[in-house]
Amino acid sequence: MIILGIESSCDDSGIAILEDGKNLLHNKIYSQTDIHASFGGIVPEVAARQHVSSLGNLIQEIKDLNMLNLIQGVAVTKGPGLAGSLLVGINYAKSLAYALNVPVRGINHLTGHIHAAWIENQEEIEFPVIALLVSGGHSELVLMKSHKEKILLGQTRDDAAGEVFDKVARFMDLEYPGGPVIDKRSQLSKSKTRTLPVTNIKDTLDYSFSGLKTSTIKYISKIIEQNGQLDDNLINDICYNFQDAVVEQLVIKLNMAVEEYEPKSIIVCGGVAANSHLRTRIKNESTIPVIIPSPKLCTDNGAMIAAAAFYENSFSKESELDLDVFPSLKMTD
Ligand code: KG4
Ligand code: ZN
């Protein structure tokens with residue numbers, strides 16, 4: 001089946017055409033990062049307006065490539081995310097499905113991130129799977145017994161991992177989003193030392209990152225007080241110190257989950273899964289196969305939405321021309 005996937009839950013407009021869950025015939029993302037950068041974060045109204053033009057352009061591109069006639073179903077993110085942004089995506093999806101006379105289905109963005117792993121690696125992934133989903137809004141450990149059976153094992157009790165990357169970067173006046181720049185600067189650190197505390201809430205698979213955020217901000221303020229200002233070397237060392245503490249916590253709980261549930265494979269997904277330190281550590285330390293989508297499929301994209309629709313067999317159910325948005329949708333909804 002050839003599925004068009006549309007993603008517009010936050011600040012990335014994504015369109016992809018995926019054949020049989022694995023052949024990516026088209027995959028385009030229009031990132032609004034530069035537009036929101038001057039605000040230091042996403043402005044919901046601006047994001048929604050931008051989706052109107054960028055999704056329109058991306059769909060026009062598919063039309064110009066004569067690919068519209070290939071589409072047999074339209075899959076679109078229904079939540080979680082920003083209501084206005086989601087609304088633009090589902091209205092494009094419904095209109096397109098109606099015009100092409102194909103079904104439309106709403107897809108959970110969170111399961112989309114996980115299913116992105118199958119696009120490049122169908123053969124390697126064996127159930128049960130433990131998925132670590134780490135993005136700007138979520139940090140969750142999920143047990144999957146099949147494509148459709150998902151059990152939430154743990155989640156963040158406060159900030160998400162990506163969120164603290166963004167906030168710590170902002171405090172040091174680094175670019176937005178913070179994850180990629182902290183990742184790059186960490187690699188340039190000469191000290192490669194961790195002194196910041198690693199949170200490990202006892203007897204649970206839940207995460208917590210707000211304590212680390214506060215400690216890091218206090219630590220940076222103290223360095224500024226002592227040195228007058230931050231230079232490049234200090235920034236690089238702080239980035240390493242902070243990133244290593246985030247990764248350590250992510251790995252501790254992932255290892256606990258693996259020990260308890262004995263999965264046959266591990267999936268790491270979501271924007272923070274693009275982090276080089278996290279990717280290397282989990283791959284090097286695991287005794288079972290670790291599947292991490294390539295960085296372009298880790299951050300928000302349309303291909304993951306088409307993949308989720310394919311692997312969850314969403315088109316076996318009726319078309320949803322009356323589809324609505326679900327801004328607070330949960331992983332297991
Ligand atoms: O999955 P995603 O694109 O959007 C959400 O659904 O939230 O994730 C975005 C998050 C941002 O917080 C960004 O800073 C983080 O992913 N991120 C990274 C890296 N690339 C993106 N975090 C750490 N290291 C990276 N290389
Ligand atoms: Zn996402």
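About the cut-offs
Residues numbered from 1 in each chain as written. Chains lettered and ligands numbered in written order. Predicted model: local features only at pLDDT ≥ 70, side-chain atom pairs only at ≥ 80, totals over all residues. Heavy atoms only, no water. 1 Å grid on protein atoms, 1.4 Å probe; cavity = no way out; pocket = protein on both sides within 12 Å on 5 of 7 lines; lining within 4 Å. Points joined across faces, edges and corners; volume = space filled by probe spheres on them. Helix = DSSP H or I, 4+ residues; strand = E, 2+ residues; numbered from the N terminus. Nonpolar A, V, L, I, M, F, W, Y, C, P; charged D, E, K, R; others polar. Domains from an automatic or database assignment. Contact = heavy atoms within 4.5 Å. Buried area = accessible area lost by both parts, 1.4 Å probe. Salt bridge = Lys/Arg side-chain N within 4 Å of Asp/Glu carboxyl O.

**Considerations on the layout of surface pockets**
Okay, so step 1: In this structure, the largest pocket spans a volume of roughly 1200 Å³.
Okay, so step 2: Along the walls of the largest pocket sit 42 residues, with Asp11, Ser135, Gly136, Asp166 and Tyr176 positioned nearest its centre.
Okay, so step 3: Top element by residues in the lining of the largest pocket is helix α5 (residues 161-171). It accounts for six residues.
Okay, so step 4: Of the residues contributing to the lining of the largest pocket, the split by class is 15 nonpolar, 17 polar and ten charged.
Okay, so step 5: Taken together, domain 1 (2-113 + 297-316) and domain 2 (126-288) each give at least three residues to the lining of the largest pocket, which thus spans both.
Okay, so step 6: Lining the second largest pocket are 14 residues, and of these Lys78, Asn108, Glu312, Lys317 and Asp333 sit closest to its centre.
Okay, so step 7: Among the elements that line the lining of the second largest pocket, the one with the most residues is strand β5 (residues 104-108), at four residues.

**Things to note about the domain arrangement of the protein**
Okay, so step 1: For the protein, the assigned domains read domain 1 (2-113 + 297-316) and domain 2 (126-288).
Okay, so step 2: In this structure, domain 1 and domain 2 have C-alpha centres spaced 27 Å apart.
Okay, so step 3: Of the residues lining the interface, 16 residues belong to domain 1; the matching set on domain 2 comes to 15 residues.
Okay, so step 4: When residues of domain 1 are sorted by the area they lose upon contact with domain 2, Leu110, His113 and Cys298 head the list and together hold 38% of the total.
Okay, so step 5: Taken together, domain 1 and domain 2 are joined by one salt bridge.
Okay, so step 6: Residues glutamate 312 and lysine 150 are paired through a salt bridge, measuring 2.7 Å at the closest nitrogen-oxygen approach.
Okay, so step 7: Taken together, the elements giving at least two residues each to the side of domain 1 that touches domain 2 come down to α1 (33-37) and α4 (109-121).
Okay, so step 8: Of the residues forming the side of domain 1 that touches domain 2, the biggest block, three residues, is contributed by α4.

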